[in-house]
Amino acid sequence: MLHLRHLCEAQIETESVVTIGVFDGVHRGHQTMIRRLVEEARASERLAVVLTFHPHPDKVLGEVDRRYYLSSPEQRAKLLIALGVDLVISHPFDEETRQIRAEEFVDQLLRHLRLKELWVGSDFAMGYEREGTVEFLRRQGKIKGFSVTAIELIMSEAGGDSIHSSQVRDLVRQGEMRGAKGMLGRAYSIEGKVVMGQQRGRRIGVPTANLEVWEEQIIPPNGVYACLARLGEETLGAATNIGMRPTFGEDRLSIEAHLLGFDRDIYGASMELSFEARLRPERKFEGTEELLRQIKLDIEEAKAVLEKVQLD
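Residues numbered from 1 in each chain as written. Predicted model: local features only at pLDDT ≥ 70, side-chain atom pairs only at ≥ 80, totals over all residues. Heavy atoms only, no water.

**Q** Residue-level account of the overall build of the protein, with values.
**A** Along the backbone of the protein there are 10 helices and 14 strands. Its C-alpha atoms give the protein principal-axis dimensions of roughly 75 × 40 × 35 Å. Within the protein, residue pairs in contact and separated by at least 24 positions form 73% of the contacts whose partners lie at least 6 positions apart. For the protein, the accessible surface area stands at approximately 15,300 Å², while carbon and sulfur atoms represent 47% of it. Taking the 42 positively charged and 50 negatively charged side chains of the protein as two groups, their mean positions are separated by 2 Å. (Helix = DSSP H or I, 4+ residues; strand = E, 2+ residues; numbered from the N terminus. Contact = heavy atoms within 4.5 Å. Areas by Shrake-Rupley, 256 points an atom, 1.4 Å probe, with all protein chains shown as cover. Lys, Arg positive; Asp, Glu negative; His and termini not counted. Charge placed at Lys NZ, Arg CZ, Asp CG, Glu CD.)

Structural data, given as structure tokens:
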């Protein structure tokens, strides 16, 4: 239904089933829990609401990498809404949120969301000095008329290992795209705008779309990847290079996707790249001819990988 940027913007009239968490990447553990929550909300004729936070508390409270996120707030909301969620709130995690007492936050949930069921992780805590533990919330629920369900983020309804966004971050940073896909239930993706590059690829007969992406989202390590590129409703194969272009002595990171069988002007368009596999690390070549030979090999390998992905 909606993606709001502050809890105070929500003024719903229907009772709700609410879950609270960061949900970075919306991995398979998140998905399993969200589907259950949506089913419960539908069965009880309530709204399914996800209250998440931006910035990530880790970014505010600790020393973490500048590129830390698996998904932007917009990507995250889109993924959650695709699972059937009625309302996503990306609430600011700032000093005011850090200092709010847990009971006051509960009262805001009741006031703005008509909370009747609260679903949280088993180790969840909110509010000032994390005073709002699961037991605290259950005591509040008995007094104020809502229930609390504590759950583990497992891979599927059938059970399995628990999963955490930190595991996915590690896999993406290592270039283990197949492992990340296994935990996400989809290929890891980044979104951005196609911008003008140096035109070197076009001059050697291999035009590329240069992608400008959110500076805080994790980018896989430098190298060449087999990707699927989405332009609106169109999906294309792509051989994508991430790196500094050492053959040309550059020192600026670039993300360049050669779209297979495609050569239209798409400057300014939004594009999503999904990373199916890492083909090789970045390397420096002796000159343009050697680079071009390798690019052609990369393109053929990317085609083979993507054909298998489409068959699967």
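Alright, that's what it looks like, and here's the rest.
**Q** Pulling in residues and values, what's your account of the pattern of salt bridges?
**A** The tally for this structure, following the rule as stated, stands at 20 salt bridges. We note a salt bridge from Glu276 to Lys181, for which the minimum N-O separation is 2.7 Å. With Glu276 in strand S14 (residues 270-281) and Lys181 in helix H8 (residues 177-184), the pair connects residues that are 95 residues apart, well separated along the chain. In this structure Glu276 comes out as buried when scored by relative accessible area, which is 7%. Since its relative accessible area comes to 27%, Lys181 is described here as partly exposed. (Salt bridge = Lys/Arg side-chain N within 4 Å of Asp/Glu carboxyl O. Buried < 20%, exposed > 50% of the residue type's maximum accessible area, 1.4 Å probe, protein only.)

**Q** Could you give me a rundown of the side chain of His27, with the residues and numbers involved?
**A** Structurally, His27 can be placed in the loop between strand S2 (16-20) and helix H1 (28-43). Apart from residues no more than four positions distant in its own chain, His27 is found in contact with Leu153, Ile163, His164, Ser165, Val168, Met183 and Leu184.

**Q** Can you tell me about the sheet that holds strand S10 (residues 209-213), naming the residues and giving the values?
**A** Read around the closed barrel, the six strands follow the order S9-S10-S13-S12-S11-S14; overall the barrel is antiparallel. Shown here is a sheet whose adjacent strand axes are inclined to one another by a mean of 45 degrees, direction ignored. As defined by bridge partners, strand S12 (residues 234-243) adjoins strand S13 (residues 254-259) across six bridges and the pair is classed as antiparallel. The residue bridging Ile242 from the neighbouring strand is Ile255, located in S13. (Pairing = 2+ DSSP bridges. Axes fitted to C-alpha atoms, helices over the stretch in contact; angles between N-to-C directions.)

**Q** Explain helix H5 (residues 102-113) to me, and be specific about the residues and the numbers.
**A** Taking 1.5 Å per residue as the helical rise, H5 with its 12 residues ought to reach 16 Å, and the 16 Å between its terminal C-alpha atoms agrees with that figure. Taken residue by residue, H5 has Ala102, Phe105, Val106, Gln108, Leu109, His112 and Leu113 as its buried positions. Take H5 and look down its axis: the buried residues cluster within an arc of 155 degrees, on one side only. Looking at the residues trailing H5, positive phi occurs at Arg114, about 50 degrees. (Expected span 1.5 Å × (residues − 1). Arc of directions from axis to C-beta.)

**Q** Run through the nonpolar core, naming residues and quoting values.
**A** Counting 32 residues, the largest nonpolar core has Tyr188, Leu259, Met271, Leu273 and Phe275 as its most contacted members. Aside from chain neighbours lying at most four places away, what touches Leu273 is Tyr188, Ser189, Ile190, Leu211, Cys227, Leu228, Ala229, Ala238, Thr240, Ile255 and Ala257. (Core = buried A, V, L, I, M, F, W, Y, C linked by side-chain atoms within 4.5 Å.)

**Q** If you had to explain the packing of helix H7 (residues 165-173) against H8 to someone new, which residues and values would you point to?
**A** It is at 8 Å that the axes of H7 and H8 come closest, and there the two elements cross at 155 degrees. By the angle between their directions, the pair H7 and H8 is classed as roughly antiparallel. As H7 packs across H8, the resulting crossing turns out to be left-handed. On the side of H7, the interface is formed by Gln167, Val168, Leu171 and Val172, while H8 contributes Met177, Gly179, Ala180, Met183 and Leu184. Considered class by class, the residues forming the contact of H7 with H8 number seven nonpolar, two polar and no charged. (Parallel < 35°, antiparallel > 145°, perpendicular 65-115°, else oblique. Left-handed = near helix turned anticlockwise from the far one by under 90°. Nonpolar A, V, L, I, M, F, W, Y, C, P; charged D, E, K, R; others polar.)

**Q** Describe the environment of Arg138, and please don't skip the residues or the numbers.
**A** Within the element layout of this structure, Arg138 appears in helix H6 (residues 134-144). We classify Arg138 as partly exposed; its relative accessible area is 33%. Note: C-alpha distance between Arg138 and Ile12 (126 residues apart in sequence) is 23 Å. When near neighbours in sequence (up to four residues on either side) are disregarded, Arg138 contacts Val148 and Ala150.

**Q** A description of the environment of Gly287 should follow, citing residues and the corresponding values.
**A** When you line up the elements, Gly287 lands in the loop between S14 and helix H10 (288-311). Considered as a pair, Gly287 and Gly25 are 262 residues apart in the sequence and their alpha carbons are 39 Å apart.

**Q** Tell me about the pairing of strand S5 (residues 115-121), and please be specific about residues and values.
**A** S5 sits mainly inside the fold: five of its seven residues count as buried. Bridge count between S2 and S5: four bridges; the pairing is parallel. What sits directly across from Val18, in S5, is Leu118. The sheet contact formed by S5 and strand S8 (residues 147-151) spans five bridges and is parallel. In the sheet register, Val120 faces S8, and the bridge partner there is Ala150.

**Q** Account for the pairing of strand S11 (residues 223-231), naming residues and giving values.
**A** Of all nine residues making up S11, eight are buried, and the element is well covered by its neighbours. In the sheet, S11 pairs with S12 via nine bridges, with the strands oriented antiparallel. By the bridge assignment for S12, Gly223 is matched with Ile242. Hairpin remark: S11 followed by S12, antiparallel, with two residues in the connecting loop; positive phi at Gly232, about 60 degrees. The sheet contact formed by S11 and S14 spans eight bridges and is antiparallel. In the sheet register, Gly223 faces S14, and the bridge partner there is Pro281.

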